[in-house]
Every structure is written in structure tokens, then in C-alpha cells.
Amino acid sequence: MTQGLKTIIYPVKDLARAKALFGGLLGADPVMDEPYYVQFDAAGQEVGLDPNGHGKGMTGPVPYWHVDDIKKTVKTLLDAGAQTLQDVQDVGGGRLTATVKDADGNVIGLIQPS
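Here's a quick rundown of the structure. (Residues numbered from 1 in each chain as written. Predicted model: local features only at pLDDT ≥ 70, side-chain atom pairs only at ≥ 80, totals over all residues. Heavy atoms only, no water.)

**Description of the overall build of the chain**
Moving on, step 1. Regarding its fold elements, the chain presents two helices and eight strands.
Moving on, step 2. Taken from N to C terminus, the helices and strands of the chain fall in the order β-α-β-β-β-β-α-β-β-β.
Moving on, step 3. Scaling as 2.2 N^0.38, a compact globule of 114 residues should have a C-alpha radius of gyration of about 13 Å, and the chain matches this with 14 Å.
Moving on, step 4. The principal-axis extent of the C-alpha atoms belonging to the chain is close to 40 × 25 × 20 Å.
Moving on, step 5. A burial count over the chain gives 34% of its 114 residues as buried.
Moving on, step 6. Within the chain, counting contacts between residues at least 6 apart in sequence, those at least 24 apart form 52% of the total.
Moving on, step 7. Within the structure as shown, the chain displays about 6,700 Å² of accessible surface, and the carbon and sulfur contribution to it stands at 53%.
Moving on, step 8. Charge centroids of the chain, computed over 10 positive and 14 negative side chains, lie 3 Å from each other. (Helix = DSSP H or I, 4+ residues; strand = E, 2+ residues; numbered from the N terminus. Rg over C-alpha atoms; globule rule 2.2 N^0.38 Å. Buried < 20%, exposed > 50% of the residue type's maximum accessible area, 1.4 Å probe, protein only. Contact = heavy atoms within 4.5 Å. Areas by Shrake-Rupley, 256 points an atom, 1.4 Å probe, with all protein chains shown as cover. Lys, Arg positive; Asp, Glu negative; His and termini not counted. Charge placed at Lys NZ, Arg CZ, Asp CG, Glu CD.)

**Considerations on the pairing of strand β7 (residues 96-101)**
Moving on, step 1. Counted residue by residue, β7 has five buried out of six residues, so it is predominantly covered.
Moving on, step 2. Sheet topology note: the strand β6 (residues 83-90)/β7 ladder contains five bridges and is antiparallel. Considered in β7, the bridge of Q83 is made with K101.
Moving on, step 3. The hairpin turn running from β6 into β7, its antiparallel successor, is five residues long, and G92 in that turn takes a positive phi close to 125°.
Moving on, step 4. Note: β7 against strand β8 (residues 107-112), six bridges, orientation antiparallel. Across the sheet, T99 pairs through a bridge with G109, a residue of β8.
Moving on, step 5. Turn length for the β7-β8 hairpin, with the two strands adjacent in sequence and antiparallel, is five residues, and the turn residue G105 shows positive phi of about 90°. (Pairing = 2+ DSSP bridges.)

This is the structure in C-alpha cells:
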């Protein structure tokens, strides 16, 4: 079951510049500020900046659906014809992520909160 789209992650080349831009846009400081990832929370939306995103094949922002059972959701999507881009992985604190691509090339991100 999905909890909706709650996260969007942008691949960025210059993390400091992107952090300044999104800080200005959102009028907030990051809630997570690491060399490998910066996250803002704005009105219930998580906005992430990934300086390694382009290296992972991200060509633009990826929306992430929050789900209750990520492994079951990935299997359902694969059974429906999606292709795995990133297997389920723990990105810290028990938070799991994965990405798949549908037949039209759209990237679908999934997050199972910890």
C-alpha cells in the first residue's frame, strides 16, 4: 500500500550551489546536510539533493512513493513489466529505497520509511 508521493530527489552537480538555491526557494535550512546528500523538509514534502545522482543514471528529478512493503511493491512492479534500476537498499537508519523503470522509460522511486 502506498502512502503517496512524499519525496523528490534531484541529481545535482554542485551541491553547495544547489543547497543555496533550494534553501532560498523553500525558505528553510536543510534537515540533513552531508557531503553525499542534502535534504529539506517543506510542507510535508522531502526534497533531496544527490551529488552522485548523475553517476547513478539520474537524468532529472525522481519522485519517490512511500510504501509499506518495498520488496512486495518492487515484485509487483517487476511482474507488471518494470525493470530494476536500483535494488532495494538500506540508505541509513532502516530506511529502504529502490528504483524501477516502466516500459515508457519513466523512473519510479520507492521508499519504505524506517
